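So you can see what is in the structure, the chains are spelled out below.
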Amino acid sequence: MLVSAKEMLTKAKAGKYAVGQFNINNLEWTKAILQTAEELKSPVILGVSEGAGKYMCGYTTVVGMVNGMINELGITVPVALHLDHGSYEGAKKCIEAGFSSIMFDGSHYPIEENIEKTKELVGICNERGLSIEAEVGAIGGEEDGVIGGGEVADPNECKMIADLGVTMLAAGIGNIHGKYPANWAGLRFDVLDEIQKLTGAMPLVLHGGTGIPADMIKKAISLGVSKINVNTECQLAFAAATRRYIEAGKDLEGKGFDPRKLLADGTAAIKATVKEKMELFGSVGKA
Ligand SMILES: [Zn+2]
């Protein structure tokens, strides 16, 4: 059964570890992430961007697939199904479709409008026992065609949004989506520290987890980050393993063209990446 992310993140913040959000793109992705979470006894958050939701034939298809897998695979660890960077309309659709958690990304609205829309969605989520993530200060890089400039959030604005009753808060601290450029300046720990001081027990979210060095991840967790989003890294691992399979000519041997064989190495690579992240984030054995 899907659960809200509230309890797992409250425990993570108190226990000084983070729960990974791993974005899903298809059946193989979902299976690989759920199986790894179960094997490692780790709570997990499955992230779905609006683009990936569309690709997988809509939110109700996603809910059906994930619920079916939880049953068929006998998954016992807490699993939250979370809309990633949702629009106002997308958030409402996911709530109706049966997601257990949503992110409303109102960071591109003026702060007053972000507050107004976040407040309305907080009300709906509280009523239904769902968790809700809000964002202050756009995360840099590109996410489904939306390009952000890598802003650094204003801690006072973070406090204003946190006070609306959101479950967790994503704040831009110099992090970006996708691969990090060679001249990246690193995370703004001074800002993160200030945000945590103002928002207290609120679990903080770090987007763009791909390519942030392990020591920075650990420091961010020590400063209140309890949810870390991973997307690009699983994609790169899947693509590299699939490339190796094809380049080795394995698809031409016997029934190597069978999709269950063709996609097996890539799926195993996703599992290995998820395992590595769960170990780094400290969520192993916390389910
Ligand atoms: Zn993000």
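All of the points below concern the structure found in this document.

What counts, and where the lines are drawn
Residues numbered from 1 in each chain as written. Predicted model: local features only at pLDDT ≥ 70, side-chain atom pairs only at ≥ 80, totals over all residues. Helix = DSSP H or I, 4+ residues; strand = E, 2+ residues; numbered from the N terminus. Rg over C-alpha atoms; globule rule 2.2 N^0.38 Å. Buried ≥ 20, exposed ≤ 12 C-beta atoms within 10 Å, placed from the backbone. Contact = placed C-beta atoms within 7 Å. Core = buried A, V, L, I, M, F, W, Y, C linked by C-beta atoms within 7 Å. Arc of directions from axis to C-beta. Axes fitted to C-alpha atoms, helices over the stretch in contact; angles between N-to-C directions. Left-handed = near helix turned anticlockwise from the far one by under 90°. Nonpolar A, V, L, I, M, F, W, Y, C, P; charged D, E, K, R; others polar. Right-handed = clockwise from strand over helix to strand, strands pointing away. Pairing = 2+ DSSP bridges.

1. Some thoughts on the overall build of the protein chain
Point 1. When you go through the protein chain residue by residue, the secondary structure sums to 12 helices and 10 strands.
Point 2. For 287 residues, the compact-globule formula gives about 19 Å, and the C-alpha radius of gyration of the protein chain, at 18 Å, lands near that figure.
Point 3. C-alpha extents for the protein chain along the principal axes are approximately 60 × 45 × 35 Å.
Point 4. Here the protein chain holds 287 residues, and the buried ones make up 46% of them.
Point 5. The contacts in the protein chain between residues at least 6 apart in sequence include a share of 71% that link residues at least 24 apart.

2. Regarding the nonpolar core
One recurring pattern in soluble globular proteins is that nonpolar side chains are buried together.
Point 1. Residues Ile-33, Leu-46, Ile-102, Leu-169, Ala-171 and Val-225 are the most contacted members of the largest nonpolar core, which totals 70 residues.
Point 2. Ignoring sequence-local partners within four residues, the contact set of Ile-102 consists of His-82, Leu-83, Gly-86, Ala-91, Cys-94, Ile-95, Cys-125, Leu-130 and Ile-132.

3. So, helix α7 (residues 155–162)
Point 1. Within α7 the residues assigned to the buried category are Pro-155, Cys-158, Ile-161 and Ala-162. In a view along the axis of α7, the buried residues occupy a sector of 115 degrees, so they form one face of it.

4. A short note on helix α1 (residues 6–15)
Point 1. Along α1, the positions that sit buried rather than exposed are Met-8, Leu-9, Ala-12 and Lys-13. When α1 is viewed along its axis, its buried side chains cluster within an angular range of 130 degrees and face the same direction. Opposite its buried face, α1 presents the exposed residues Ala-14 and Gly-15, each directed more than 90 degrees away.
Point 2. Considering only its buried residues, α1 is in contact with β1 (19–23), β8 (168–171) and β10 (225–230).

5. Overview of the packing of helix α10 (residues 232–247) against helix α12 (residues 264–281)
What describes two packed helices is the angle between their axes and the distance between those same axes.
Point 1. One can describe the packing of α10 onto α12 by two numbers: an axis separation of 8 Å at closest approach and a directional angle of 145 degrees. Pair α10 / α12 crosses with right-handed handedness. Note on element contacts: α12 touches α10 through Asp-265, Gly-266, Ala-268, Ala-269, Ile-270, Ala-272, Thr-273 and Val-274, opposite Glu-233, Cys-234, Ala-237, Phe-238, Ala-240, Ala-241, Thr-242, Arg-244 and Tyr-245.
Point 2. Across the contact of α10 with α12, the residue classes tally to 11 nonpolar, three polar and three charged.

6. With respect to the pairing of strand β3 (residues 79–86)
Point 1. Extensive coverage of β3 is indicated by the burial of eight of its eight residues.
Point 2. Chirality of the crossover, the property in question, places the unit of β3, helix α5 (residues 88–97) and strand β4 (residues 101–104) among those that are right-handed.

7. Considering the pairing of strand β2 (residues 44–49)
The two faces of the sheet receive side chains in turn, since in a regular strand these alternate between them.
Point 1. Of all six residues that make up β2, six are buried, and the element is covered over most of its length.
Point 2. Direction of pairing for β1 relative to β2: parallel, over a ladder of three bridges. Of the residues in β2, the one forming a bridge with Phe-22 is Leu-46.
Point 3. Where the polypeptide runs from β1 across helix α2 (residues 27–40) and back to β2, its parallel neighbour, the crossover connection is right-handed.
Point 4. Across six bridges, β2 lies against β3 in parallel orientation. Bridge pairing links Ser-49 to Asp-84 in β3.

8. Some remarks on the packing of α7 against helix α8 (residues 189–199)
Point 1. Interhelical geometry of α7 versus α8 gives an angle of 35 degrees and a closest axis separation of 9 Å. In this structure, the crossing between α7 and α8 has a hand that is right-handed. Every residue of α8 that contacts α7 at Pro-155, Cys-158, Lys-159 and Ala-162 is listed here: Val-191, Glu-194, Ile-195, Leu-198 and Thr-199.
Point 2. When grouped by side-chain class, the residues that make up the contact of α7 with α8 number six nonpolar, one polar and two charged.

9. Looking at the sheet that holds β1
Point 1. Ordered in space as β1-β2-β3-β4-β5-β8-β9-β10, the eight strands form a closed barrel in which the pairing is parallel. Each strand axis lies, on average, 25 degrees off the axis of its neighbour in the sheet, ignoring direction.
Point 2. As paired elements, β3 and β4 share three bridges and run parallel to each other. Looking across to β4, one finds that Leu-83 is bridged to Ile-102.
Point 3. Packed onto the sheet, α2 meets β1, β2 and β3 and runs at close to 165 degrees relative to β2.

Shape descriptors only; they carry no functional weight alone.
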